[in-house]
Amino acid sequence: MTTPDIAARRALGACAALMVGALTLTACGGSANASNNGKGEKDSTKASAAQIAISAKDGSTGASINATGVKVSGGKLTDVKMTAAETKQAVAGAVSADGSSWKPKRQLERGTKYEIDATAKDADGRITTTRSVFTTVSFANSFVGTYAPDNGTTVGAGMPVSFTFDKSISDRKAVQSHITVSSSSGQQVVGHWFGDRRLDFRPQEYWKAGSKVTMKIDLDGVEGAKGLHGVQKKTVTFTIGRSQVSTVDANTQTMTVVRDGKTIKTIPISTGSPDHTTYNGQMVISEKFTQTPMDSRTVGLGNAYNIPDVPHAMRLTSSGTFLHGNYWYDKGNPPFGRAGTSHGCVGLADVQGGQGATPAKWFFDNSVIGDVVIMKNSPDATVAPDNGLNGWNMSWSAWTAGSAV
């Protein structure tokens, strides 16, 4: 009588005998390497040694718009196709020179579904493929910061780095610690928060003329508030040009322009009238317009004025203070150098269209974004540090106290 155990042992023994015979035959025929099919060819049935990894997992949401890509180990990428799932529009990308990675050539869009199909080959020519369908982080669950100055620009010595975020930031330390600003001058640069959406950086004194400033933004994936992640990752550099500081004196109604420590011009001006005084303090030119409309209703002054073509206008505050040309003044009694007659701005003699060789045109042509304009001896208060790019009106101790790191 054969028991189940005995039958099993006999069957196992028979299998072993067959396997020995098979090995003997294989050995007689050539190499016993399992990757050879007996004809000197590689066995295509063996799994490829290449391992593909797509950073955005299949079915995932919240994928990075910057870091999404493909990598391979144990082989080389031979083909990667990426498309926007809905439009089927191809996303251009490039495989690295060594074939180990692929990444898109451009930043991906937020809240968009994408498909990636990747193919790789190992050293023996065996192929493997991987596919991932995923969605990038949504607008609702992400934040971005609009910043100034722009990459590659040359600005004045008073220009701070200023971020305005599109959503409120509750973890200010996490966000600020992932933005670093440094200068070739070696000046210490510190950030200061104005509320929960604005973060500015500056040194204790104006930037050194000719220095290079580098801003590294590494906010991709940083949680700025619960369920709210950053998406920006880039490096921005700008140059500090010559140092120009112009001082407006309400007592004398003149402006003295000092460049790199030397006075280059004194210009008669007209500040705000006694009823509409001009802010005191250090103000930074944040915008320049060869010609722009100005309507008193936009700054809460009713129908006081509506001028469609104010020439040579340079913004000093976000609330509406400009230094600009004036062509509508009383030609029989010019106010420049004599009296304050404006609604809070600083006016210089000009002509309509701004084409003449006027004081306003000279100053416009000789000014850059980031130059400093100091107002003194006005009966008004000092401008608020967050009214424009005017954080220089804070003491260094007050400025550093507003840092989150």
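Residues numbered from 1 in each chain as written. Predicted model: local features only at pLDDT ≥ 70, side-chain atom pairs only at ≥ 80, totals over all residues. Heavy atoms only, no water.

## With respect to the confidence of the model for the chain
Inference 1: Here the chain shows a mean pLDDT of 90. Residues at 70 or above account for 89%.
Inference 2: The low-confidence segment residues 1-41, where pLDDT is below 50, has ten contacts with residues more than four positions distant or belonging to other chains. (pLDDT = per-residue confidence, 0-100. Contact = heavy atoms within 4.5 Å.)

## Details of the pattern of salt bridges
Opposite charge on two side chains allows them to pair when their charged atoms are near.
Inference 1: The final tally for this structure, using the stated rule, is 13 salt bridges.
Inference 2: A salt bridge links D122 to R126, with the shortest nitrogen-to-oxygen separation between them at 3.2 Å.
Inference 3: For D365, the salt bridge goes to K361, with nearest N and O atoms at 2.7 Å. With a gap of four residues between them, D365 and K361 both fall in helix α3 (residues 359-365), about one helical turn apart.
Inference 4: Because the salt bridges share partners, they merge into one network encompassing K88, E115, D117 and R131. (Salt bridge = Lys/Arg side-chain N within 4 Å of Asp/Glu carboxyl O. Helix = DSSP H or I, 4+ residues; strand = E, 2+ residues; numbered from the N terminus.)

## Some thoughts on the layout of surface pockets
Inference 1: The calculated volume of the largest pocket comes to roughly 290 Å³.
Inference 2: In terms of lining residues, the largest pocket is bounded by 18 residues, among which N326, W328, T341, S342 and H343 are the most central.
Inference 3: In the lining of the largest pocket, the residues fall into eight nonpolar, nine polar and one charged. (1 Å grid on protein atoms, 1.4 Å probe; cavity = no way out; pocket = protein on both sides within 12 Å on 5 of 7 lines; lining within 4 Å. Points joined across faces, edges and corners; volume = space filled by probe spheres on them. Nonpolar A, V, L, I, M, F, W, Y, C, P; charged D, E, K, R; others polar.)

## Quick notes on the environment of F201
Inference 1: Residue placement: F201 occurs in strand β14 (residues 198-203).
Inference 2: Between the alpha carbons of F201 and V181 there is a distance of 7.3 Å; along the sequence they are 20 residues apart.
Inference 3: Those residues in contact with F201, other than ones at most four positions away along the chain, are P160, V161, F163, Q176, I179, V181, V189, V190, G191 and W399.

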